[in-house]
Amino acid sequence: MALPKLKSDVTAARIAALTMPDGAAWAQEARKDALNRLQTIGLPHRRDEYWRYTTPDTLNTPDAADAAVFHSDESPVFGEIDQLKIVFVDGVFDADASDDLTLAGVEIERLETAAQADIHWARDLYGVLESRGQTPVARPLAALNTAFSTDGIVIRVTGQAARPVSLVYLHEDTSSDAILHHLVKVEQGANLTLLENGPAASRFNNVLEVEVADTGTFNHVRVQGRDHERRAATHIFTRLGRESTFKSFTLTVNGVLTRNECVIELTGDDAVAHVAGAALGDGDFHHDDTVFVTHDAVNCESRQVFKKVLRNGATGVFQGKILVKNPAQKTDGYQISQALLLDDDAQFLAKPELEIYADDVVCSHGSTTGSIDDTALFYLRSRGLPKDEARDLLVLSFLAEALEEIDDPALTEDMTTRLEAWLARHRR
Amino acid sequence: MTAFDVDVKEGVDQETVDAVKSLSGTYKHGWSTDIEMDYAPKGLNEDIVRLISEKNNEPQWMLDWRLAAFARWQQMEEPEWAMVHYPKIDFQDQYYYARPKSMAEKPKSLDDVDPKLLETYKKLGIPLKEQMILAGVEGAENADENRKVAVDAVFDSVSVGTTFQAELKKAGVIFCSISDAIQDHPELVRKYLGSVVPQSDNFYATLNSAVFSDGSFVYVPPGVRCPMELSTYFRINAENTGQFERTLIICDKEAYVSYLEGCTAPMRDTIQLHAAVVELVLLDDAEIKYSTVQNWFPGDDEGKGGIYNFVTKRADCRGDRSKVMWTQVETGSAVTWKYPSCILRGDDSQGEFYSIAIANNYQQADTGTKMVHLGKNTKSRIVSKGISAGKAQNTYRGLVSMHPKAKNSRNFTQCDSLLIGDKCGAHTVPYIEVRNNSSRVEHEATTSKVDDDQLFYCRSRGMDEEEAVALVVNGFCKEVLQALPMEFAMEAQQLVAISLEGSVG
């Protein structure tokens, strides 16, 4: 079916403003396929079913809108954690600021380098999971990313990584438009923790493709940057083998537009996937979590926990779906999305979906929206807590369920400190 | 399945007993009555719309209204977002008007009605002329006033008779076919028709606006509690006919009415189209209970034939403190597309939706509700139970929307799905939109299969497998069955068992 004119015009204008990077034959082919996909589905429009709550216009324009750079004297996120740091400034790899890319049991390369090699394992992953993730729901911005990504990191994990790999995205140019594409391949029994943080650019399009082989483990903790005017569209695509584990947690504070999509495919029996998020928004903050979990193997577990605290006109969106295919018997699927609206202007829009074709499953979802419980607030105040502190405590306890999804206590601690600081800053 | 024994109270009509008994079989309503029919030519165009209007002897404003709808419909596209798949409907291959010949002149009383028609209704188990007293529930010594049910029956396109007219008149309640209402109460019809579901609301509602043939009209004046339950029975008899009925219920200030709706159709291996519109208007302090038992022919075991049921139902709680309650038991139809909705406009108004949707064999159901909270302190409650068996697909699709001005509003939603067999599907697609913080919205959904332990227990007590499943499923649906008026609750309970026949083993 031909695209509506409106869509094809927007798509063509965006494509015209981009240049496809050079590379080996396989990389070129993958990029051209992705371009075809993009041209077939077209860039998103607010009348698309999965964009009904988030207006994608600013993500579609040929140029990124200006976004002020936010300078802060706070300690860097994950600062206390022993890590292998890889720095991108406005989407450009910064070798001087980054650590040496060597880590026992892990092969790390820049995408730019990998894409030049005629024979490379990345060939079997680049754009592969993204392409699989285009049905049944189209993700045009991810296809655009595969076609035009300028750089990224490719990681192959063969053993137990001693330190987390940490991607740090700095934002320095007020009109930067970054497109990064990362690949992670966790081999059988291997284990990696990936950290991501920073605002990255004025407009950031990020794709992370993660293949976890049998019995492999992948942990992911992400903090999305403080620069309020930045816009981001991120995608995680993952495919999980037998008895493998995938866990991802995202903390978002500020950001005029953030769309985080996570597409999980459980293809091996007994695999586990957890995805969680905590978001705090004030003012013209718009945060959208769109998750699609496909169960295609026996006895897998999936869990989605999303919490949002919103005030002063902020908007939270959650679109989560669990699809249980016919062979996926004994599935345990859980999904919860909750919003705490701190004042009357905030809004929360949710679409928690289940689509189930197997009978021996336990699937449930819950979604609640409300304000702070006055009784609880009264109780804390009667114990002598000032109103602000009492409120912050209740907000933190509301977010706790999402924070508990992080396995590493040091990281949980780091996240909690950030949240406390945000709450203290935003007290009235 | 064992025969269903009814504990008969004195004074209960044998006909009623048989009707209840007859429910314990497979699709019992699969016969058709051989009645001479008066058809309009096949297909749909402006002339057909004019013809329908003319046949009903309608005034010019009504015809204009229909034509406007038709013009709009021609520009609309059939919606495809629902999780149902069926071959494209050829809208030109349908009859849009069929009327039993003997009805060309409206009968003065039921005595004038073709005996064959009356026989049809007997078969349907509706004792048109009798009080409908059911057996053995509640300590009803004698049939009291509340057990009376006034019935309006719609056969193919035409309303054939409405009972208890005199008694209703005494109370001031108007209950008649919509075609009569257009003649006799044009001021009410003009004021309210299309005010809840506008002409161009959606594809099927617009089609209905253009070609609706008949339906029921109810007006309950201020302060009146309708002395009996009102009921409409819809029957599609003729082959290849679409049925497009339009129901309009207006409940004035402080009035109350309980309305029941039942539907059946013969077994045919071609599909039949049913696109109804129901509009409810509630003024201050009014209350409407609207209950549906939908048992249209669902198609045979191979998925051949059946009714396509595309219905738009909406209640507008205009008045403060008004209350509407939708209860539905959806067991029939090959394809169902139905979302009874509540617009909670008045402050403190309430909307409730209780639904059981059962899909077996090749049935597909995409059903749910919309609760649109506009007024302050509005409350809504959704309890939906979906049961899938065989190769059926069952989807709950719903919207809960809290507008910025709907302060202190409350919603609770629970939708549970039960899967029987591993070739069926159960889906949940809720939309939740909260735009103020003084409201609370809670949504819960679960999907599970029939519990083996419960089945084992029932079987160890000597039940066969089908009975055991029926019992467990009835337990699963209990919350909704309890919301039904008593007469319907019994029928519904039986229907639940019947619809699942053949789904085990």
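Criteria and thresholds
Residues numbered from 1 in each chain as written. Chains lettered and ligands numbered in written order. Predicted model: local features only at pLDDT ≥ 70, side-chain atom pairs only at ≥ 80, totals over all residues. Helix = DSSP H or I, 4+ residues; strand = E, 2+ residues; numbered from the N terminus. Expected span 1.5 Å × (residues − 1). Buried ≥ 20, exposed ≤ 12 C-beta atoms within 10 Å, placed from the backbone. Contact = placed C-beta atoms within 7 Å. Nonpolar A, V, L, I, M, F, W, Y, C, P; charged D, E, K, R; others polar. Pairing = 2+ DSSP bridges. Axes fitted to C-alpha atoms, helices over the stretch in contact; angles between N-to-C directions. Parallel < 35°, antiparallel > 145°, perpendicular 65-115°, else oblique. Left-handed = near helix turned anticlockwise from the far one by under 90°. Core = buried A, V, L, I, M, F, W, Y, C linked by C-beta atoms within 7 Å.

A. Local environment of helix H8 (residues 387-403) of chain A. Residues and elements named next belong to chain A. The terminal C-alpha atoms of H8, which comprises 17 residues, lie 24 Å apart, in line with the 24 Å expected from a rise of 1.5 Å per residue. All buried positions along H8 are accounted for by Ala 390, Arg 391, Val 395, Leu 399, Ala 402 and Leu 403. Those residues of H8 that are buried lie in contact with strand E14 (272-282), strand E16 (301-311), strand E18 (332-341), helix H7 (374-382) and helix H9 (409-425).

B. How the structure looks around the interface of chain A and chain B. Taken residue by residue, the interface counts 31 residues in chain A and 27 residues in chain B. Counting only elements with at least two residues in the side of chain A that touches chain B, the list comes to strand E19 (347-356) and strand E20 (362-370) of chain A. The residue inventory of the side of chain A that touches chain B, partitioned by class, reads 14 nonpolar, 10 polar and 7 charged. Judged from the 6 bridges that link them, E19(A) and strand E23 (residues 425-434) of chain B form a sheet pairing that is antiparallel. Within E23(B), the position partnered with A:Phe348 by the bridge is B:Val434.

C. Representation of the packing of helix H2 (residues 46-55) of chain B against helix H3 (residues 60-74) of chain B in the model. All names here are of chain B. Packing of H2 against H3 brings their axes to within 10 Å, and their N-to-C directions diverge by 150°. The orientation of H2 relative to H3 falls into the category roughly antiparallel. In this structure, H2 crosses over H3, and the sense of that crossing is right-handed. Mapping the contact onto sequence places Glu 46, Val 49, Arg 50 and Ser 53 in H2 and Met 62, Leu 63, Arg 66, Leu 67 and Phe 70 in H3. Its residues assigned to classes, the contact of H2 with H3 shows 5 nonpolar, 1 polar and 3 charged.

D. Spatial organisation of the packing of H8(A) against H9(A). Residues and elements named next belong to chain A. Packing of H8 against H9 leaves a shortest axis separation of 11 Å and a crossing angle of 150°. Here H8 is positioned roughly antiparallel relative to H9, judged by the angle of their axes. In this structure, H8 meets H9 at a crossing whose hand is right-handed. Along its contact with H8, which presents Asp 392, Val 395, Leu 396, Leu 399 and Leu 403, the element H9 presents Thr 412, Met 415, Thr 416, Leu 419, Glu 420 and Leu 423.

E. Layout of the nonpolar core. Counting 245 residues, the largest nonpolar core has A:Leu192, B:Cys251 and B:Ile288 as its most contacted members. Per element, the largest residue contribution to this core is 8 residues, and it comes from helix H12 (residues 486-499) of chain B.

F. Just the environment of A:Ser302, in detail. Residues and elements named next belong to chain A. Among the secondary structure elements, Ser 302 is positioned in strand E16. With 25 C-beta atoms packed within 10 Å, Ser 302 lands in the buried category. Sequence separation between Ser 302 and Gly 333 is 31 residues; the distance between their C-alpha atoms is 4.9 Å. Excluding residues within four positions of it along the chain, Ser 302 makes contact with Ile 264, Leu 266, Ala 273, Val 293, His 295, Ile 322 and Gly 333.

G. Region of the structure containing the pairing of strand E11 (residues 231-240) of chain A. Residue and element names in this part refer to chain A. Burial runs high along E11: 10 of the 10 residues are buried. Of the two faces of E11, both are covered, the one formed by Arg 231, Ala 233, His 235, Phe 237 and Arg 239 as well as the one formed by Ala 232, Thr 234, Ile 236, Thr 238 and Leu 240. Pairing analysis gives 10 bridges linking strand E9 (residues 203-212) to E11, with the strands arranged parallel. The residue of E11 that forms the bridge with Val 212 is Leu 240. Here 10 bridges tie E11 to strand E13 (residues 257-266), and the two strands are oriented parallel to one another. By the bridge assignment for E13, Ile 236 is matched with Cys 262.

H. Representation of unusual backbone geometry. Residue and element names in this part refer to chain A. For the bond from Thr 135 to Pro 136, the omega torsion is 0°, close enough to zero to count as cis. At Asp 270, a position not held by glycine, the phi torsion is positive, near 60°. Structurally, Asp 270 is set in the loop between E13 and E14.

I. Looking closely at the pairing of strand E16 (residues 341-344) of chain B. Residues and elements named next belong to chain B. Burial along E16 is two-sided: the face carrying Ser 341 and Ile 343 and the face carrying Cys 342 and Leu 344 are both buried. Judged from the 4 bridges that link them, strand E13 (residues 306-317) and E16 form a sheet pairing that is parallel. Bridge pairing in E16 links Arg 314 to Ser 341. In terms of strand pairing, E16 meets strand E19 (residues 370-373) through 4 bridges, oriented parallel. Of the residues in E19, the one forming a bridge with Cys 342 is Met 371.

Honestly, it's all geometry; don't read function into it.
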